[in-house]
Amino acid sequence: MAAASSSDYDGCGAESNEANSKWLDAHYDPVANIHTFSACLALADLHGDGEYKLVVGDLGPGGRQPRLKVLKGPLVMTESPLPALPAAAATFLMEQHEPQTPALALASGPCVYVYKNLRPYFKFSLPQLPPNPLEQDLWNQAKEMSLPSVPVFLEVSGQFDVEFRLAAACRNGNIYILRRDSKHPKYCIELSAQPVGLIRVHKVLVVGSTQDSLHGFTHKGKKLWTVQMPAAILTMNLLEQHSRGLQAVMAGLANGEVRIYRDKALLNVIHTPDAVTSLCFGRYGREDNTLIMTTRGGGLIIKILKRTAVFAEGGGEVGPPPAQAMKLNVPRKTRLYVDQTLREREAGTAMHRAFQTDLYLLRLRAARAYLQALESSLSPVSATAREPLKLHAVVQGLGPTFKLTLHLQNTSTARPVLGLLVCCLYNEALYSLPRAFFKVPLLVPGLNYPLETFVESLSNKGISDIIKVLVLREGQSAPLLSAHVNMPGSEGLAAA
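Residues numbered from 1 in each chain as written. Predicted model: local features only at pLDDT ≥ 70, side-chain atom pairs only at ≥ 80, totals over all residues. Heavy atoms only, no water.

Caption draft 1: Main features of the environment of serine 278. Within the secondary structure, serine 278 is located in strand β22 (residues 276-284). Residues serine 278 and arginine 296 lie 18 residues apart in sequence; the distance between their C-alpha atoms is 8.9 Å. Setting aside its immediate chain neighbours within four residues, serine 278 contacts Thr36, Phe37, Ser38, Leu41, Thr235, Ile292, Met293 and Thr294. (Helix = DSSP H or I, 4+ residues; strand = E, 2+ residues; numbered from the N terminus. Contact = heavy atoms within 4.5 Å.)

Caption draft 2: Molecular detail of the side chain of lysine 22. Structurally, the position occupied by lysine 22 is in the segment before β1 (23-29). Once you skip the residues sitting within four places of it in the chain, lysine 22 turns out to touch Asn268, Ile304, Leu305, Lys306, Ala309, Val310 and Phe311.

Caption draft 3: Local environment of the sheet that holds strand β30 (residues 448-457). Ordered in space as β25-β26-β30-β28, the four strands form an open sheet in which the pairing is antiparallel. Each edge of the open sheet carries a strand with a single partner, namely β25 (389-396) and β28 (431-432). As paired strands, β28 and β30 are joined by two bridges and run antiparallel to one another. Its bridge partner lying in β30, serine 432 is registered against glutamate 456. (Pairing = 2+ DSSP bridges.)

Caption draft 4: Focus on a positive patch on the surface. Among the surface-exposed residues, Arg165, Lys186, Lys203 and Lys220 lie close enough to one another that they form a single positively charged patch. Tracing the backbone through its elements, the reader meets lysine 220 in the loop between β16 (213-217) and β17 (223-228). Looking at lysine 220, the relative accessible area reads 62%, which means it is exposed. (Patch = residues over 30% accessible without salt bridge, like charges linked within 9 Å, V, L, I, M, F, W, Y side chains within 5 Å. Areas by Shrake-Rupley, 256 points an atom, 1.4 Å probe, with all protein chains shown as cover. Salt bridge = Lys/Arg side-chain N within 4 Å of Asp/Glu carboxyl O. Lys, Arg positive; Asp, Glu negative; His and termini not counted. Charge placed at Lys NZ, Arg CZ, Asp CG, Glu CD. Buried < 20%, exposed > 50% of the residue type's maximum accessible area, 1.4 Å probe, protein only.)

Caption draft 5: Layout of the packing of aromatic side chains. This structure, assessed with the given rule, holds two aromatic pairs. Consider the rings of tryptophan 23 and phenylalanine 281, whose centres lie 6.4 Å apart with planes at 90 degrees: the pair is edge-to-face. Of this pair, tryptophan 23 sits in strand β1 while phenylalanine 281 is found in strand β22, placing the two residues 258 residues apart along the sequence. Judged by its relative accessible area of 0%, tryptophan 23 is buried. Pairing tryptophan 23 with phenylalanine 311 gives two aromatic rings, centres 6.3 Å apart and planes at 50 degrees, and the pair type is tilted. Of this pair, tryptophan 23 sits in strand β1 while phenylalanine 311 sits in the loop between β24 (300-305) and α2 (335-346), placing them 288 residues apart in sequence. Pairwise contacts between aromatic rings join Trp23, Phe281 and Phe311 into one cluster. Across from the ring centre of phenylalanine 438, 4.4 Å away, lies the NZ or CZ of arginine 435, which sits over that ring. (Phe/Tyr/Trp six-rings, centres within 6.5 Å; stacked < 30°, edge-to-face > 60°. Lys NZ or Arg CZ within 6 Å of the ring centre and 35° of its normal.)

Caption draft 6: Expanded view of the sheet that holds β17. Strand order in the open sheet formed by four strands is β14-β15-β16-β17, with antiparallel pairing between adjacent strands. Each of the sheet's edge strands pairs with one partner strand only, and the pair in question is β14 (195-201) and β17. Neighbour-to-neighbour, the strand axes of the sheet open up by a mean angle of 20 degrees, direction not taken into account. (Axes fitted to C-alpha atoms, helices over the stretch in contact; angles between N-to-C directions.)

Caption draft 7: Layout of unusual backbone geometry. A positive phi angle is found at glutamine 65, which is not glycine, with a value near 60 degrees. Residue placement: glutamine 65 occurs in the loop between β3 (53-58) and β4 (67-72). At aspartate 263, a residue that is not glycine, the phi angle is positive and equals roughly 60 degrees. The residue aspartate 263 is located in the loop between β20 (257-262) and β21 (265-271) in this model. Given a relative accessible area of 44%, aspartate 263 falls into the partly exposed group.

Caption draft 8: Structural detail: the pattern of salt bridges. Taken as a whole, this structure holds eleven salt bridges when the rule is applied. Across the salt bridge formed by glutamate 51 and arginine 286, the nearest N and O atoms sit 3.3 Å from each other. Linking glutamate 51 in the loop between β2 (41-44) and β3 with arginine 286 in the loop between β22 and β23 (287-295), this pair joins segments that are 235 residues apart in sequence. For glutamate 51, a relative accessible area of 17% translates into the label buried. With relative accessibility at 54%, the residue arginine 286 sits in the exposed group. As a salt-bridge pair, arginine 179 and glutamate 163 come within 3.3 Å of each other at their nearest N and O atoms. Pair noted here: arginine 179 is in strand β12 (residues 174-179) and glutamate 163 is in strand β11 (residues 163-170), with a separation of 16 residues, a long-range link. The class of arginine 179 is partly exposed, set by a relative accessible area of 28%.

Caption draft 9: Focus on a nonpolar patch on the surface. Side chains of Phe92, Met94, Tyr121 and Phe122 sit close together on the surface and give an oily, nonpolar patch of about 400 Å² of accessible area. Take tyrosine 121: it is sitting in strand β9 (residues 119-125).

Caption draft 10: The arrangement of the side chain of histidine 407 in detail. Positionally, histidine 407 belongs in strand β26 (residues 401-410). Residue classification places histidine 407 among the buried positions, given a relative accessible area of 17%. Among the polar contacts made by the side chain of histidine 407, one reaches the side chain of asparagine 448 at a distance of 3.3 Å. With sequence-adjacent residues up to four places away left out, histidine 407 is seen in contact with Lys390, Leu391, His392, Val394, Asn448, Tyr449 and Pro450. (Polar contact = N/O pair within 3.5 Å; in protein donor to acceptor, adjacent residues only side chain to side chain.)

Dropping the structure here:
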């Protein structure tokens, strides 16, 4: 089955960018005359030759002339009439010896027809014929399970002889979950609308409802998430990519979209020229990942997933990040937490007043410290508009001789600054500076002027101190700005 192109259909029939599509368009026939739904589609190697065929329980135009069709690639290989409308189709193995050729079971009217090698093999009618004596015990166990309403969707997991769970979506709008040893439903999920599909993805039951939404539930009935759809849900099925261990839900919508979800994260959106009424994903022909869709007008669409395609969360549309859906691991409430909550509830007014008092004191102390820094020019940035200066210092070296670089900048927009002095105050018992006092050249606005001097450490004990750098103007005793340089310890003396 060859791929024709690699574009997705949009709502107007145009083609999307080939590089952005995860699918190859293998076949599209708008007049294939196939009218069915997802439960009546099955993929199986009916002849044991490695070539997988598509089995279709076709309702026929307007629900008339139902037929069983088997497709190989895009062509109908065999076609046979059915006595009543088909309800479901499934394949299973009747024999254990090689080669294992699967048989086909088709539910049609009150009967289940079994086909082997595409020929009628067995007919089972319900409920006229008595059960086989060997199966009497199994039927007795099945009779013990009762439901309050008629089921419309079933989802089974596990093994009958060991442990199994059965989820049944019923016509009363509820989902009942039964286990192997339970005669009555163990859990009940009450929906706000009628279900239109039921799919199990790992341990999560995904339910589509007539309120145009998908819901995720645990097997105990706990609701996990809800996703709103842009249109009504017409069909649902499971997408399982074995090579990457991916399981996701496919939902065909009335607006011509097929949306693929992993939990509540949207992975991909496929646009089709007509509303899709049935979906089937699996091995078809010799391609492992093939998506088969039938439309409301009887069309057939076959797409092949690219081998390099990777489904990433958020690949379908822009939405909230995945971390938003993650549940926080909130610890349990301890006795201390409860006591503290009661204390805050009883003394809430007093605690608020104490907090406001401390906040006002903090603001007052910060304002006083800021005013003191401005008055004593302790800030490395000048606070006056006449001399807008900025100063920062860099110390380089391991010792005992350090290089002290003072970066002085005039932050004015147009006016230069002239007549400045730099003075360094230090402990003469610890340090020695050959240039402790020097003049500053003309400062052009916007330029950074590095002023270098050397500091020699005199202590052999690795003691360090602070050197104060003051920027002065000639004729004024108060500094314009200052900086405190924390000198490092002399590693050269320590090594010696």
